[in-house]
Amino acid sequence: MNDAIELPIYTDGELAGLSPAELIDIVIENEDRVPRNLIDECARRGDEMSAYLSMLHRDGFLWDSDYSDGVWWLRLHAAMILGLIPSEEAGLLLVDMMYSLSLEEDENMQDWLAGEWSALFRNKPNSVLPAVRELCEDRDMDWYMRANAIEALLFAASRQDGETLEQTLAWAAKMALEEDEDWDVCLTAAHMLLYFPRPQYRQLLEELVPLQDDYDRRFDMQSIERAYAGKYYAPEWERFTNPWEFYEPDAIARRQIRWRDEALKNDDLDDDFPGLSEGKDFPDDFYRHYEPVEPYVRPEPKVGRNDPCPCGSGKKYKKCCLAKE
């Protein structure tokens, strides 16, 4: 590991003796540098940890507008911890967090978790799904979080019996046809149908093509032809299978390098990086863990500006590869 980047290390024995509150205090302290075994220990506490996170959620601690960086990152860590706990309580709290991310208009955290919700709900009992569906249909919510919920619901249905999947596809098709529904929600629901091409929905999809704005098109006739020929690209849940890669040491190191690169570019130098203001260079091996970004090639179909970016960053397309293009 790069000597210039000190990553926190905790033994399993140290963590095992801590209470849920003490574990979360360490999570907050380490911001985006939290090691995986700390997250695993939090999840191992099961519904005891869910209850503690629920208290922080209900009390508004997670959503304090004057949060520290560590508390802001706790929103992501809480979702990741709950995603590892296979209980109804954890699943329902995940749904509540989706509501809060929408109501608080925390677009940055929405982007960090975009594409990951299917994996976070993967181990949850079916009793959680009605709450997910209720969020999908809640028109008081921001369309983007509703879109993430629609995707998670379709993924869950795809893992159940055939009748459940067909009923959910019919529900998505009905949502796509709602005249007074948010247009982005309609297109999201229709887009999901391309992953499960059924003859009865092809006309609906084709009729939606000319109604889309060229600048923010979700799918076109070529996309439909590819889907019904069995050549459509994989759904998000097949590309976002392991949100917990966030906690791998190399991933943590790359983020720290990214923050330092951005600080250098923006001349945003502070006491955290002594010597930089004097123009000193990083150590020779500073960039050893940096992975150059390959030129981005957009897959078909064209991705909308607010869609999850196909590159797998977890951000909206407009905040990621659109700028590179």
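Values in this document were obtained by computation on a predicted structure and should not be read as measured data.

Criteria and cut-off values
- Residues numbered from 1 in each chain as written.
- Predicted model: local features only at pLDDT ≥ 70, side-chain atom pairs only at ≥ 80, totals over all residues.
- Heavy atoms only, no water.
- Helix = DSSP H or I, 4+ residues; strand = E, 2+ residues; numbered from the N terminus.
- Buried < 20%, exposed > 50% of the residue type's maximum accessible area, 1.4 Å probe, protein only.
- Contact = heavy atoms within 4.5 Å.
- Areas by Shrake-Rupley, 256 points an atom, 1.4 Å probe, with all protein chains shown as cover.
- Expected span 1.5 Å × (residues − 1).
- Patch = residues over 30% accessible without salt bridge, like charges linked within 9 Å, V, L, I, M, F, W, Y side chains within 5 Å.
- Salt bridge = Lys/Arg side-chain N within 4 Å of Asp/Glu carboxyl O.
- Lys, Arg positive; Asp, Glu negative; His and termini not counted.
- Charge placed at Lys NZ, Arg CZ, Asp CG, Glu CD.
- Core = buried A, V, L, I, M, F, W, Y, C linked by side-chain atoms within 4.5 Å.
- Axes fitted to C-alpha atoms, helices over the stretch in contact; angles between N-to-C directions.
- Parallel < 35°, antiparallel > 145°, perpendicular 65-115°, else oblique.
- Left-handed = near helix turned anticlockwise from the far one by under 90°.
- Phe/Tyr/Trp six-rings, centres within 6.5 Å; stacked < 30°, edge-to-face > 60°.
- Lys NZ or Arg CZ within 6 Å of the ring centre and 35° of its normal.
- pLDDT = per-residue confidence, 0-100.

Turning next to the overall build of the chain. Along the backbone of the chain there are 17 helices and zero strands. Within the span of the chain, comprising 325 residues, buried residues form 53% of the whole. The contacts of the chain with a sequence gap of at least 6 include a subset with a gap of at least 24, amounting to 70%. Surface summary for the chain: the accessible area is close to 15800 Å², and the carbon and sulfur share equals 46%.

So, about helix H6 (residues 88-103). Along an α-helix, residues three or four positions apart point the same way, because every turn accommodates 3.6 residues. If you check H6, its first and last C-alpha atoms are 23 Å apart, about what 16 residues at 1.5 Å a residue would give, namely 22 Å. Here H6 has its buried residues at Ala 90, Gly 91, Leu 93, Leu 94, Val 95, Met 97, Met 98, Tyr 99, Ser 100, Leu 101 and Ser 102. Structurally, H6 contributes buried residues whose contacts are with helix H4 (47-58), helix H5 (69-84), helix H7 (107-113), helix H8 (117-121), helix H9 (129-137) and helix H10 (143-158). Of the residues flanking the end of H6, it is Glu 105, one or two places downstream, whose phi is positive at about 55 degrees.

This part takes up the environment of Leu 208. Structurally, Leu 208 is set in helix H13 (residues 199-208). A sequence separation of 13 residues divides Leu 208 from Met 221, and the C-alpha atoms of the two residues are 9.7 Å apart. Ignoring anything within four residues of it in the chain, the contact list for Leu 208 reads Trp 183, Ala 190 and Phe 219.

Another aspect to go through is a negative patch on the surface. Taken together, Glu 104, Glu 105, Asp 142 and Asp 182 make up a surface patch of like negative charges. As for its placement among the helices and strands, Glu 104 is situated in the loop between H6 and H7.

You can see Ser 118 is positioned in helix H8. Of the residues examined, Ser 118 reaches a relative accessible area of 1% and is grouped as buried. Ignoring anything within four residues of it in the chain, the contact list for Ser 118 reads Glu 151, Ala 152, Phe 155 and Trp 237.

Counting 93 residues, the largest nonpolar core has Ile 24 and Trp 117 as the members making the most contacts within it. By residue number, the principal contributor to this core is H10, which donates 12 residues. Setting aside residues up to four positions removed in sequence, Trp 117 forms contacts with Leu 94, Met 98, Leu 101, Met 145, Asn 148 and Ala 152.

It is worth spelling out the packing of helix H2 (residues 20-29) against helix H3 (residues 36-44) at this point. Helix-helix packing is described using two parameters, namely the angle between the two axes and the distance between the axes. It is at 10 Å that the axes of H2 and H3 come closest, and there the two elements cross at 150 degrees. Comparing the axis directions of H2 and H3 gives the class roughly antiparallel. By crossing handedness, the relation of H2 to H3 is classed as left-handed. On the side of H2, the interface is formed by Leu 23, Ile 24, Ile 26 and Val 27, while H3 contributes Leu 38, Glu 41 and Cys 42.

Right, let's talk about the packing of aromatic side chains for a bit. In this structure the tally under the stated criterion is 14 aromatic pairs. Here the aromatic rings of Trp 112 and Trp 259 are separated by 6.5 Å at their centres, their planes lie at 70 degrees, and the arrangement is edge-to-face. Of this pair, Trp 112 sits in helix H7 while Trp 259 sits in helix H16 (residues 249-265), and the two are 147 residues apart along the sequence. Residue Trp 112 is classed as buried on the basis of its relative accessible area, which comes to 14%. Ring centres 5.1 Å apart and planes at 75 degrees place the aromatic pair Phe 246 and Tyr 247 in the edge-to-face group. Each member of the aromatic cluster is reached from another via a ring pair, and the members are Trp 72, Trp 73, Trp 112, Phe 246, Tyr 247 and Trp 259. One cation-aromatic arrangement involves Arg 202 over Tyr 228; the distance from NZ or CZ to the ring centre is 4.8 Å.

Our focus in this paragraph is unusual backbone geometry. One non-glycine residue, Glu 31, adopts positive backbone phi at about 50 degrees. Note that Glu 31 resides in the loop between H2 and H3. You will see that Glu 105, though not glycine, has its phi angle at about 55 degrees, which is positive. Note on placement: Glu 105 falls in the loop between H6 and H7.

Once that is clear, we can look at the confidence of the model for the chain. Averaged over every residue, the pLDDT of the chain is 85; residues scoring 70 or more account for 81%. Averaged pLDDT values over the elements of the chain bottom out at 53 in helix H17 (residues 321-324) and peak at 98 in H3. Every residue in residues 273-302 is under pLDDT 50, and counting partners more than four places away or in other chains gives 56 contacts.

All right, on to the side chain of Arg 45 then. Its location among the elements puts Arg 45 in the loop between H3 and H4. Those residues in contact with Arg 45 that sit more than four places away from it in its chain are Leu 15, Ala 16, Leu 18, Ser 19, Pro 20 and Leu 23.

Here the focus is the pattern of salt bridges. As enumerated under the stated definition, the model contains 17 salt bridges in all. In this structure, Asp 32 and Arg 255 form a salt bridge, with 3.2 Å as the shortest nitrogen-oxygen distance. Of the two residues, Asp 32 sits in the loop between H2 and H3 while Arg 255 sits in helix H16, which places them 223 residues apart along the sequence. Across the pair, exposure class does not vary: Asp 32 and Arg 255 are buried alike. When the shortest N-O distance is used, the salt bridge between Arg 75 and Asp 106 registers 2.5 Å.

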